[in-house]
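# Survey of secondary and tertiary structure
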Amino acid sequence: MEEEEIEKAVIAYLKKKGFKHTEQAFQEEQQKHQNQQTKNSSSSISSSTDPDIAKQILSFSESENIPARYHEGYGKFRTWVYGSLDLYRWERRELGYMPDGLTMLGLLSSSPPLGLSLSLSLCQAVIFVVIHQAHELLRVLYPVFIHCFMDLVAKGHIQEARNFFSSFRHDHEALHSRDLPKLEGVLSPSHLEEMEFAHSLRQSKVNIKICQYSYELLLQYLHKTQSITVLGVINEHINFQVSPGQPTSISDDSEVITLIGSSQDDANQINQKEIHWGLLEGSLEERLEKAGGLLSDSEKAEGEAKEGDTEENKKRSAEGGKQGSSIKKLKKDKVLGAAGKPVRSEGNAVSMAPRVKPELALPVMPTEVEQSILEDLRNRVQLSSTALPSVSFYTFLNTHNGLNCASISHDGSLVAGGFSDSSLKMWDMSKLGQQNVTSSMQGDNDLAPTEQILGTSGGKRSYTLFQGHSGPVYSATFSPLGDFILSSSADSTIRLWSTKLNANLVCYKGHNYPVWDVQFSPVGHYFASSSHDRTARIWSMDRIQPLRIMAGHLSDVDCVDWHINCNYIATGSSDKTVRLWDVQSGECVRIFIGHRSMVLSLAMSPDGQYMASGDEDGTIMMWDLSSGRCVMPLMGHMSCVWSLAFSCEGSLLASGSADCTVKLWDVTTSTKMPKSEESKSGNTSRLRSLKTLATRSTPVYSLRFSRRNLLFAAGALSKSG
């Protein structure tokens, strides 16, 4: 009778999984077996299934129909994982580690000093290994949790699934707070097919890197407890990549766990496509190099010393005014050595980058604008790890938590902010600096010429107010020349404004949901947008419909950035991946996997070879566009990284965070350090953080390096300050 039950259980399982050929082969084999038994009925030969195997098959069949088995199985597994740290305490007792920090010296050596030293070293090693082993096992909990929940939903046990979810969700809120609400919305078996997030989870496996020791512990637990439910989930939905050696060898690996939509095999296949990451042919950098190159720092210092202050103040913008007097001495100090001789900068990575042809029809730049940019490039300050930039920080006051974004023009003369009340406001820094002097001269009138009267109320404002959106403004970006500004909003539109006419010119409609980010291309005219509808789109100023639609992300596309040669755009998403897209074909040519939370910011290096991305956890990752691999994660921020910017020669990276700091990173060291040195020195990323600039209580919304390498930053003063 038991044999028949086992056969029925196996056939039912094969039918459920859709294994028709296997089911047919199994039934044929069973028929042959029955015929053989009939022929040999007179003999004493008999066969039976191994009792242990029979017990497991029957218990698995029973567990398929009992919702409580999921709650019980996951609960026991969770308790074992969290209790694995008890092994650490047991190891301490075995090694004679006492509560007062001493050891039983007789167990190790007859010489007290040597015994004490050896025992403490052994204890530290065991503590380190076991704690990391526990962390590795914790990685398995989340995939088991979500698939137990979805299995219950798929079987129609909706109420049991809700109870299971509410009982254990608090374990994962810290790391997966954005995914849990999406899972909570899965309320019927049909949702598993209709919701792309859940469907992708069900269809793809989770890749988890784990060391050999942790893997063997997991197998021992599953074997001893006969936890069929957990074992079934792990076999069906998790793929372990077992690594030999200690857990420490993979504890800082950026690809230690990859979830939905980020299959490494698929990414590797896409990352084989050829890309051309160099600069555009005939770029201003190339033309300047052919014409005689950048001025040396000593020549710039001498030239600035000879310039008259009156002529300087007339012709310079707000950036020039800030650099003209306060930075002259600083630049001289940086470029002159102890003996008073000029210091030559290191090789410029931008000048050595390959040249590529544009895939887009590029706009023609006016001659006077071109000459102005070339002048800025000639007078650029060469930065390095020993010559850090000056920083100008713009702080928004009294925003009442209404500021969503900030943007700074390329020369720092204009600053814009997008607000929750659907308004976009722009400040002219050169006029703002004159406000105190001029207003005191107005007497009773009390109206400075720099202040503009807008609206019907007749009130005075020190900014230009742009109104037109019907929802919060989430992003704003200035054109390279500063004559236009784009804004994106929760109303699913993008608007183009003229900074000279102070008027709205175009409203671009195409996205179906809020538009999180919009960015002008490096040459202007074209711009890219990213949205909650999981797409990125490329537009041109003269057309109201998008030129290209990039679809492929599994969740919101939170940020977008252009490659320096305008042939590619990069997108960062809540699905924890970054993608690189060809603007001509609209195809994805790179997938960058490694972030463990949503990607919030992107920046391209000036030579086009590298890309930096920042996420919600405060991690910054430097990517090689050619290979699609992470060069080095940069750790240091304690909260979201909202903005990234490379210096103009590409030697430094600036990052702005919600932790109220701006950090400067040595890109040259980060990208050139061999991996052998990284493993020897441990977490070397902290050593490459050159400087941390802390604000009193101002989260950093935006960063921008000017063409002369002055760093601008902007943020809103928080209430806690």
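These numbers come from a predicted model, not from an experiment.

Rules of the game
Each chain carries its own residue numbering, running from 1 in the written order of its sequence. The predicted origin of the model limits local features to residues at a pLDDT of at least 70 and limits the giving and counting of side-chain atom pairs to 80 or more, whereas totals for whole chains, interfaces and linings rest on all residues. Side-chain measures were taken over the full set of non-hydrogen atoms in the model, leaving aside hydrogen atoms and water. Numbering of helices and strands runs from the N terminus, with a helix taken as a DSSP run of H or I at least four residues long and a strand as a DSSP run of E at least two residues long. Per-residue accessibility, obtained with a 1.4 Å probe over protein chains only, is compared with the maximum for each type, and a residue is labelled buried under 20%, exposed over 50%, and partly exposed between these values. By the convention used here, residues are in contact when the closest approach between their heavy atoms is within 4.5 Å. Two strands are said to pair when DSSP picks up at least two bridges between them. Where helices are involved, their axes are fitted lines through C-alpha atoms of the stretch in contact, as for all axes, and angles between N-to-C directions lie from 0 to 180°. Here the arc refers to the set of directions running from the helix axis out to each C-beta atom. The term salt bridge refers to a pairing of a side-chain nitrogen on Lys or Arg with a carboxyl oxygen on Asp or Glu at a separation within 4 Å. Residue-level confidence of the predictor is summarised by pLDDT, bounded by 0 at the bottom and 100 at the top. Here the angle decides the label: under 35 degrees means roughly parallel, over 145 means roughly antiparallel, 65 to 115 means roughly perpendicular, and every other value means oblique. Take the far helix as your reference; a near helix turned counterclockwise from it by less than a right angle gives a left-handed crossing, and one turned clockwise gives a right-handed crossing. Under the convention adopted here, Pro, Cys and the residues Ala, Val, Leu, Ile, Met, Phe, Trp and Tyr are nonpolar, Asp, Glu, Lys and Arg are charged, and Gly plus all remaining residues are polar. We call a set of buried Ala, Val, Leu, Ile, Met, Phe, Trp, Tyr and Cys residues a nonpolar core when their side-chain atoms join them within 4.5 Å. Two N or O atoms count as a polar contact when they lie within 3.5 Å, although within protein this holds only if one can serve as hydrogen donor and the other as acceptor, and sequence-adjacent residues are included solely when both atoms are side-chain atoms. Aromatic rings from Phe, Tyr and Trp, with only the six-membered ring used for Trp, were paired whenever their centres fell within 6.5 Å, and each pair was classed as stacked if the ring planes differed by under 30 degrees, edge-to-face if by over 60, and tilted otherwise. In this scheme, the term charge over a ring applies when either NZ of a lysine or CZ of an arginine sits within 6 Å of the ring centre and within 35 degrees of the ring normal.

## So, the overall build of the chain
What the chain contains, in helices and strands, is 22 helices and 34 strands. When burial is assessed residue by residue, the chain has 49% of its 721 residues classed as buried. Put simply, of all contacts in the chain between residues at least 6 apart along the chain, 59% involve residues at least 24 apart.

## Regarding the sheet that holds strand 21 (residues 557-562)
Spatially, four strands are ordered 21-22-23-24 in an open sheet, and the strand pairing comes out antiparallel. Edge strands, defined here as strands with exactly one partner in the open sheet, are strand 21 and strand 24 (588-593). Averaged over all adjacent pairs, the angle separating strand axes in this sheet is 20 degrees, with direction ignored. Pairing geometry for strand 22 (residues 568-573) and strand 23 (residues 577-582), over five bridges, is antiparallel. Residue Thr 571 lies in a different strand from strand 23, and its bridge partner there is Arg 579.

## Considerations on helix 7 (residues 158-168)
Restricting attention to buried positions, one finds in helix 7 the residues Ala 161, Phe 164, Phe 165 and Phe 168. Buried residues in helix 7, looked at end-on, bunch into an arc of 95 degrees, giving them a common side.

## Observations regarding the sheet that holds strand 14 (residues 484-489)
Taken together, four strands build an open sheet; the order of strands is 13-14-15-16 and the sheet is antiparallel. Of all the strands in the sheet, the pair left with one neighbour each is strand 13 (473-478) and strand 16 (503-509). Taking the axes of each pair of neighbouring strands and ignoring which way they run, one obtains an average angle of 20 degrees across the sheet. In terms of strand pairing, strand 13 meets strand 14 through five bridges, oriented antiparallel. Bridging across to strand 14, Phe 478 finds its partner in Ile 485.

## A few points about the pattern of salt bridges
Evaluation of the coordinates by the stated rule reveals eight salt bridges. Residue Glu 173 pairs with Arg 169 through a salt bridge whose shortest N-O separation is 3.1 Å. Between Arg 537 and Asp 533 there is a salt bridge, with its nearest N and O atoms 3.5 Å apart. Per residue, the accessibility class of Arg 537 equals that of Asp 533, and both read buried.

## Side note on the confidence of the model for the chain
Of the residues in the chain, 68% have a pLDDT of 70 or more, and the chain-wide mean is 75. Note that pLDDT drops below 50 for residues 248-262; the model gives that stretch 50 contacts with residues more than four away or on any other chain.

## Details of the packing of helix 4 (residues 68-82) against helix 11 (residues 212-225)
Where helix 4 contacts helix 11, the axes come no closer than 12 Å and their chain directions differ by 140 degrees. Classified by the angle their axes make, helix 4 and helix 11 are oblique. Crossing hand, helix 4 versus helix 11: right-handed. On the side of helix 4, the interface is formed by Lys 76, Phe 77 and Trp 80, while helix 11 contributes Leu 217, Leu 218 and Tyr 221. Within the contact of helix 4 with helix 11, the residues separate by chemical class into five nonpolar, no polar and one charged.

## What about the nonpolar core?
Counting residues in hydrophobic clusters, the biggest one holds 38 residues, and the most contacted among them are Phe 77, Val 144, Phe 145, Phe 149 and Leu 183. With 12 residues, the top contributor of residues to this core is helix 6 (residues 112-154). With near-sequence residues (within four places) excluded, Phe 77 lies in contact with Val 140, Leu 141, Val 144, Leu 218, Tyr 221 and Val 230.

## So, the side chain of Ser 409
Here Ser 409 is to be found in the loop between strand 7 (403-408) and strand 8 (414-419). Taking relative accessible area as the criterion, Ser 409 reaches 1% and is therefore assigned buried. Polar contacts involving the side chain of Ser 409 include one to the main-chain amide nitrogen of Ser 413, which spans 3.3 Å. Those residues within four positions of Ser 409 in sequence are excluded, and the remaining contacts are Leu 414, Phe 478 and Arg 704.

## Some details on unusual backbone geometry
Despite not being glycine, Asn 502 has its phi angle at roughly 55 degrees, a positive value. Considering the arrangement of structural elements, one finds Asn 502 in the loop between strand 15 (493-498) and strand 16. By relative accessible area, Asn 502 is classed as partly exposed at 31%. If you check the backbone angles, Cys 566 has positive phi at about 70 degrees while not being a glycine. Tracing the chain through its elements places Cys 566 in the loop between strand 21 and strand 22. Assessed through its relative accessible area of 2%, Cys 566 is described here as buried.

## As for the packing of aromatic side chains
All chains considered together, the criterion is met by 22 aromatic pairs. Seen from their ring centres, Phe 77 and Trp 80 are 6.2 Å apart, and the 25 degrees between their planes marks the pair as stacked. Of this pair, Phe 77 and Trp 80 both sit in helix 4, three residues apart, which is roughly one turn of that helix. A centroid spacing of 5.3 Å and a plane angle of 50 degrees characterise the contact between Trp 427 and Tyr 463, whose relative ring orientation is tilted. Pair noted here: Trp 427 is in strand 9 (residues 423-428) and Tyr 463 is in the loop between strand 11 (460-461) and strand 12 (464-467), with a separation of 36 residues, a long-range link. Judged by relative accessible area, which is 18%, Tyr 463 ranks as buried. One aromatic cluster is present, built from ring pairs that chain together Tyr 74, Phe 145, Phe 149, Phe 164, Phe 165 and Phe 168. Geometry around Phe 419 places Lys 425 over its ring, the cationic atom sitting 4.6 Å from the centre.

## A look at the side chain of Ser 487
Take Ser 487: it is sitting in strand 14. With a relative accessible area of 0%, Ser 487 lands in the buried category. At a separation of 2.8 Å, a polar atom in the side chain of Ser 487 contacts the side chain of Trp 497.

## Brief notes about the environment of Ser 489
Counting through the fold element by element, Ser 489 comes out in strand 14. Between the C-alpha atom of Ser 489 and that of Phe 419, which follows or precedes it by 70 residues, the distance is 9.7 Å. Here Pro 472 takes part through its backbone oxygen, which lies 3.0 Å from a polar atom of the side chain of Ser 489. Side-chain polar atoms of Ser 489 contact the backbone nitrogen of Asp 491, separated by 3.1 Å.

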